[in-house]
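Structural overview
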Amino acid sequence: MRNLIDILDFSKEEIDSLIDVATDIISNPEKYSEVCHGKILGTLFFEPSTRTRLSFTSAMMSLGGNVLGFSNVSSSSVAKGETVADTVRMASAYSDIIAMRHPKEGAPIVASRVSSVPIINAGDGGHFHPTQTLTDLITIKRKLGRLDNLTVGICGDLKYGRTVHSLIAAMARYEGIKFVLISPDELKLPDYVKEEFLSDKSSYKEVHDLDSNMSELDILYMTRIQAERFGSADEYERLKDSYILTKEKLKDAKPTLSIMHPLPRVTEIDVEVDDDPRAHYFDQAANGRYIRMALILKLLAERQAPSKRARGEENPSLVCRNPHCITSTERGIKKLFSGNCCIYCDQTAVEK
Ligand code: NCD
């Protein structure tokens, strides 16, 4: 069975074809309005969400299907101490496809190992967010006409920003992509993301300053400082206003710049920028519905296809020490490694 856990579960060709289907849906919505009649999407949101959950719900409804699930763990048996695996076993008996969001990294992998229906990762902790990346890619394609030969500025919380990690993984596969990674030292891109996706060191630079790098950017992807993932409230207070995009700061930007943001925004883009024709973040959110429709269709159609994901192996001499990894909380979980890497959170494990 195919799942979408990590954006690299899909080839570039598969992403192209999802964008083509979503584009056809935008032009001919009536053609798709009953294709999922009788199908049920389960939405298991163990962490807050507005756009992702609503766009999944809207996507399934626009395909003629139904939706069940929860958006708050306090209204589910998770509040009674149920494991992720047990919750997903049940939900997969009641639905045909599941979209889930969880605060722990790797939780969707736990789900995919017990589910009888396809699992879509709608965000796992500060790790990955592949469906946001699909939304980002269709937006770039529609606004700029291409996914290659672009200078992509990514600004803000590159450490905890899961949308950033998945976007880099996806875009690093295209020709002529240069990343300008703009963050304070404390919020730099994690090493595991660099090692996995940015092996070509000439394809990126890490800088602190947004203004002096503005003029070379084709895309400026702003991100929220992820308050909920900080260990210390003081550190968040110190870093929260690191970058604030204003009209004034855009004076040196290209006329064709695409300003993007996965949303929700806090202070990092001043509302005065919303009127700028280069502000694409609301269109980006709107595209989320159509690309998720295409995704649901693809995964339902490929239920019989074999998974392409490596399964990992047990290794009693290794331990994952990432406190945000699902292995730190889930009872009865098999600790699996690929080489010395934890397969759930992708961080390097250590010898016991
Ligand atoms: C993002 C997320 O949840 O990671 N939001 C979204 O899904 N559009 C970004 C964020 O919360 O900052």
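The structure reproduced in this document is the subject of the present report. (Residues numbered from 1 in each chain as written. Predicted model: local features only at pLDDT ≥ 70, side-chain atom pairs only at ≥ 80, totals over all residues. Heavy atoms only, no water.)

1. Points about the nonpolar core
To be explicit about the condition: By nonpolar core we mean a set of buried residues, namely Ala, Val, Leu, Ile, Met, Phe, Trp, Tyr and Cys, connected to one another through side-chain atoms within 4.5 Å. Each residue is assigned to one of three classes by its accessible area relative to the maximum for its type, calculated with a 1.4 Å probe on protein chains only: buried under 20%, partly exposed between the two thresholds, exposed over 50%. Put simply, DSSP H or I for four residues or longer makes a helix, DSSP E for two residues or longer makes a strand, and each gets a number counted from the N terminus. Where a domain begins and ends is set by an automatic assignment or by a domain database. Note on contacts: a residue pair is in contact if any heavy atoms of the two residues lie within 4.5 Å.
One finds Ile154, Ile168, Met171, Phe179, Leu181 and Ile296 to be the most contacted residues of the largest nonpolar core, which totals 57 residues. The element that contributes the greatest number of residues to this core is helix α9 (residues 281–301), accounting for 7 residues. Split by domain, this core shows at least three residues from each of two domains, domain 1 (7–129 + 287–301) and domain 2 (132–285). Residue contacts for Phe179: discarding those within four places in its chain leaves Val152, Ile154, Ile168, Met171, Ala172, Leu198, Ser203, Tyr204 and Lys205.

2. Topic: the site of the ligand
So the rule is basically this: Residues are classed as near a molecule or strand on a simple rule: at least one heavy atom within 4 Å of it. In the analysis that follows, any N or O atom pair within 3.5 Å is treated as a polar contact, provided that within protein one partner can donate a hydrogen and the other can accept it, and provided that, for residues neighboring in sequence, both atoms belong to side chains. To measure how exposed things are, a 1.4 Å probe is used in the Shrake-Rupley method; for residues, cover is taken only from the protein chains shown. Residue type decides the class: Asp, Glu, Lys and Arg count as charged, Ala, Val, Leu, Ile, Met, Phe, Trp, Tyr, Cys and Pro as nonpolar, and the leftover types, Gly among them, as polar.
All residues in the neighbourhood of the ligand are listed as Thr52, Arg101, His129, Gln132, Arg162, Thr163, Arg224, Gln226, Pro262, Leu263 and Pro264. Thr52 has a polar side-chain atom sitting 2.9 Å from an oxygen atom of the ligand. One nitrogen or oxygen atom from the main chain of Leu263 is found 2.9 Å from a nitrogen atom belonging to the ligand. When the ligand is considered free in solution it has 320 Å² of accessible area, and contact with the protein chains removes 94% of it. Residues of the shell around the ligand, tallied by class, amount to 3 nonpolar, 5 polar and 3 charged. Two domains each provide a minimum of three residues to the shell around the ligand, namely domain 1 (7–129 + 287–301) and domain 2 (132–285).

3. Digging into the environment of His208
Looking at where His208 falls in the secondary structure, it is placed in the loop between β7 (204–207) and β8 (219–222). Taking the C-alpha atoms as reference points, His208 and His261, separated by 53 residues in sequence, lie 19 Å from one another. Setting aside residues up to four positions removed in sequence, His208 forms contacts with Ile182, Ser183, Pro184, Asp185 and Tyr243. At 2.9 Å, the side chain of His208 and the side chain of Asp185 are in polar contact.

4. Looking at the packing of aromatic side chains
Just so we agree on the cut-off: Here the aromatic set is Phe, Tyr and Trp, taking the six-membered ring for Trp, and pairing holds for ring centres within 6.5 Å; pairs whose planes are under 30 degrees apart are stacked, those over 60 apart are edge-to-face, and all others are tilted. To sit over a ring, a charge needs its Lys NZ or Arg CZ within 6 Å of the ring centre and within 35 degrees of the ring normal.
Enumeration according to the criterion identifies 5 aromatic pairs in this entry. A centroid spacing of 5.5 Å and a plane angle of 50 degrees characterise the contact between Tyr160 and Phe230, whose relative ring orientation is tilted. Note that Tyr160 is positioned in the loop between β5 (150–155) and α6 (162–171) and Phe230 in the loop between β8 and α8 (233–239), a separation of 70 residues in sequence. Residue Tyr160 is classed as buried on the basis of its relative accessible area, which comes to 13%. Phe230 gets classed as buried once you look at its relative accessible area, which sits at 11%. Here Arg292 stacks its cationic end above the ring of Phe56, 5.0 Å away from the centre of that ring. One residue, Lys298, lies across the ring of Phe10, its end atom 5.1 Å from the ring centre.

5. Overview of the pairing of β5
To be explicit about the condition: At least two DSSP bridges between two strands are needed for those strands to be called paired. The path from the first strand over the helix to the second decides the hand: if it runs clockwise while the strands point away from the viewer, the crossover is right-handed.
The buried count for β5 comes to 6 of 6 residues, which makes it a mostly enclosed element. Sheet analysis places β5 next to strand β6 (residues 177–182), joined by 6 bridges and oriented parallel. In the strand pairing of β6, Gly153 is matched with Val180. Since β5 and β6 lie parallel, the crossover through α6 that links them has a hand, and here it is right-handed. Sheet topology note: the β5/β8 ladder contains 4 bridges and is parallel. Directly across from Val152, in β8, lies its bridge partner Ile219.

6. Let's talk about helix α2 (residues 51–62)
Selection criterion: Take the number of residues in a helix, subtract one, and multiply by 1.5 Å to get its expected span.
Spanning 12 residues, α2 covers 16 Å between terminal C-alpha atoms, matching the ideal 16 Å at 1.5 Å per step. Those residues of α2 that fall on the buried side of the exposure criterion are Thr52, Ser55, Phe56, Thr57, Ala59, Met60 and Ser62. Where α2 is buried, its residues contact β1 (40–45), β2 (66–70), β3 (97–102), β4 (119–124), α5 (130–144) and α9. A positive phi of about 85 degrees marks Gly64, the residue just after α2.

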